[in-house]
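Tertiary structure, described
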Amino acid sequence: MSGPQGETAGQEGVAPLTRMELVISYGLRIGVLVSAAIVSIGVLWMAATRDTGYANILPHHLRDMLTFHQTSGPGYFPTSLAAVVRGAAAGRPYAVIGLGMLLLIATPVVRVALSVFFFLAQRDWLYVGITLLVLGVLLVSLFSGIG
Amino acid sequence: MEPLTFFLVLFAGSVVAGGLGALLGTGGGVIIVPMLTLMAGLNIHYAIGASIVSVIATSSGAAATYVRDQITNLRLGMFLEMATTTGAVVGALVAGLLPGRVLSAIFGLMLAHAAWTMIRSPWEELPSGVEGSPLATRLRLHGAYYDAALRRRVDYRLTGVPQGFGMMWLAGLISGLLGIGSGVFKVIAMDIMMRAPMKVSTTTSNFMIGVTAAASAGIYFLRGDIHPFIAAPVALGVLLGTVGGTHLLLRLRSTAIRKVFLALLIVIAAQMIWRGITGAVR
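Residues numbered from 1 in each chain as written. Chains lettered and ligands numbered in written order. Predicted model: local features only at pLDDT ≥ 70, side-chain atom pairs only at ≥ 80, totals over all residues.

**So, unusual backbone geometry**
To keep it simple, the criterion reads: In this description a helix means any DSSP run of H or I spanning at least four residues, a strand means any run of E spanning at least two, and both kinds are numbered starting from the N terminus. Burial is judged by counting other C-beta atoms within 10 Å of a residue's own C-beta: 20 or more means buried, 12 or fewer means exposed, and anything between counts as partly exposed, with every C-beta placed from the backbone.
Its identity as a non-glycine residue notwithstanding, Arg123 of chain A has a phi of 55°, on the positive side. Among the secondary structure elements, Arg123 of chain A is positioned in the loop between helix H5 (93-121) and helix H6 (125-146). Positive phi values are uncommon outside glycine, yet Arg195 of chain B reaches one of about 60°. Along the chain, the position of Arg195 of chain B falls in the loop between helix H8 (182-193) and helix H9 (198-223). Overall, Arg195 of chain B belongs to the buried group, with 23 C-beta atoms counted inside 10 Å.

And the structure:
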């Protein structure tokens with residue numbers, strides 16, 4: 001069944017991928033792989049040191065880990081970009097996981113931003129406008145939470 | 001429960017959620033939220049945070065494949081995204097003013113009606129006899145993709161743009177109000193109202209849910225709802241699951257995908273009606 005011709009049939013697109021589509025595809029893949037790698041490093045680091053970076057030792061009880069909205073102690077973790085970057089630089093496992101998470105959250109935003117260039121390259125002004133509008137709403141609601 | 005057991009079980013469940021989500025264009029929250037509640041009796045804030053992470057991971061993980069295979073209709077997704085985002089903003093603004101219980105029951109009944117419509121509809125592999133409306137033509141929403149299961153190029157035309165746009169606005173409103181179930185509304189809007197092929201509906205919904213979720217993810221992160229010990233197994237599991245889900249989508253027939261989607265639709269409809277009756281909203 002797995003003849004060489006059968007394999008290529010599935011790869012056949014309707015139109016050759018434009019350069020921008022390739023950029024978007026690779027950008028997404030790199031973003032997803034890098035964030036998965038960073039999260040994995042954080043998890044393995046936590047398992048190896050038995051420490052979250054925000055308590056002296058990994059708690060034995062789930063209840064201690066998942067206590068809601070603690071500002072210190074075993075359930076605590078960083079929740080701002082600055083705290084995540086600082087913690088990750090200091091090698092704290094929870095901050096490393098947080099860094100991967102922020103990168104993952106950023107991938108759809110980057111995708112919309114790249115799509116603006118995709119429509120620009122096609123000189124499709126209507127969709128350049130629509131995409132800019134979506135990007136604007138996206139950025140405003142992202143940053144209104146931070147402000 | 002031991003933290004390690006919790007981590008591993010959550011990871012395994014997330015693989016399944018990611019696979020289903022990538023196939024059906026939904027976020028996988030249907031699986032992850034009840035799991036978290038059953039295992040840890042978790043605070044709803046962490047459950048919603050985990051749900052948001054699973055949606056973004058499903059969307060971005062699957063998108064890498066779907067962009068290359070050109071099934072996602074980017075124009076359609078971007079156009080409808082305008083409705084979803086404005087609906088979500090309105091939903092978040094009026095969230096406290098409207099009775100969540102009543103809304104949950106109403107939306108549950110709407111989904112039940114959509115399920116009934118799907119059951120009665122002829123089970124065609126691809127929508128037939130769609131004229132394509134002038135508005136859809138003007139917006140350049142018609143498209144084509146290569147179907148690996150049928151081994152041929154599929155050209156399709158769309159219709160019902162205002163109805164689809166309205167339904168998308170409702171989908172956004174619901175996600176802003178209740179934090180769940182917007183993926184199924186998106187697929188329904190494209191499948192039933194705009195008559196898009198099933199694979200185009202689920203992959204385009206898949207693109208859209210990531211964008212919508214990213215808009216609110218920053219707020220959830222800062223609020224401390226995205227817990228690293230929960231988010232890590234969910235994100236890793238879901239990303240792994242999307243690899244299987246995207247391969248399934250490319251190879252399965254649309255009628256098979258519709259059957260799985262219908263099953264999910266019935267589960268979510270029952271869940272929302274149940275929430276309405278018992279008042280277990282948020």
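**Overview of the packing of helix H2 (residues 19-49) of chain A against H5 of chain A**
Residue and element names in this part refer to chain A. The following threshold applies: Orientation is described by axes fitted as lines to C-alpha atoms, over the contacting stretch for helices, and by angles from 0 to 180 degrees between their N-to-C directions. Roughly parallel here means an angle under 35 degrees, roughly antiparallel means over 145, roughly perpendicular means 65 to 115, and every remaining angle is called oblique. Basically, the charged four are Asp, Glu, Lys and Arg, the nonpolar ten are Ala, Val, Leu, Ile, Met, Phe, Trp, Tyr, Cys and Pro, and anything else, Gly included, counts as polar.
Closest axis-to-axis distance for the H2/H5 pair is 8 Å, and the angle between their directions is 175°. Classed by the angle they form, the pair H2 and H5 counts as roughly antiparallel. Among the residues making up the contact of H2 with H5, the classes are represented as 24 nonpolar, seven polar and two charged.

**A closer look at the interface of chain A and chain B**
Cut-off, in case you're wondering: Two residues form a contact once the distance between their C-beta atoms, set from the backbone, is within 7 Å.
Between chain A and chain B, the contact holds 50 residues from the first and 54 residues from the second. If you list the elements that add at least two residues to the side of chain A that touches chain B, you get helix H1 (4-11), H2, helix H3 (62-65), H5 and H6 of chain A. Residues of the side of chain A that touches chain B, tallied by class, amount to 31 nonpolar, 15 polar and four charged.

**A look at the environment of Ala171 of chain B**
Residue and element names in this part refer to chain B. If you trace the backbone, Ala171 turns up in helix H7 (residues 161-178). The sequence separation of Ala171 and Thr84 amounts to 87 residues, and the corresponding C-alpha distance is 6.4 Å. Every residue in contact with Ala171, bar those within four places of it in the chain, is listed here: Thr84, Gly87, Ser182, Phe185, Lys186 and Ala189.

**Topic: helix H5 (residues 100-120) of chain B**
All names here are of chain B. Short version of the rule: Working rule for helices: expected span equals 1.5 Å times residues minus one. The directions considered for the arc run from the helix axis to the C-beta atoms.
Under the 1.5 Å per step criterion, the end-to-end length of H5 is 30 Å for 21 residues, consistent within 8% with the ideal 30 Å. Within H5, the full set of buried residues consists of Leu103, Ser104, Phe107, Gly108, Leu111, Ala114 and Ala115. For H5, the angular spread of buried residues about the axis comes to 135°, placing them on one side. Exposed side of H5, more than 90 degrees from the buried face: Val102, His113, Thr117 and Arg120 are the residues found there.

**Observations regarding H2 of chain A**
Under the 1.5 Å per step criterion, the end-to-end length of H2 of chain A is 44 Å for 31 residues, consistent within 8% with the ideal 45 Å. One or two positions beyond H2 of chain A, positive phi appears at Arg50 of chain A, with a value near 50°.

**A word on the confidence of the model for chain B**
Residues and elements named next belong to chain B. Here is the rule: Each residue gets a pLDDT score, which is the predictor's confidence in that residue and runs from 0 to 100.
In this model, chain B carries an average pLDDT of 87, and 97% of its residues clear a pLDDT of 70 or more. Summarising per-element confidence for chain B, the mean pLDDT is lowest in helix H2 (residues 29-40) (80) and highest in helix H10 (residues 228-251) (94). Reported confidences for the modelled complex are a pTM of 0.88 and an ipTM of 0.88.

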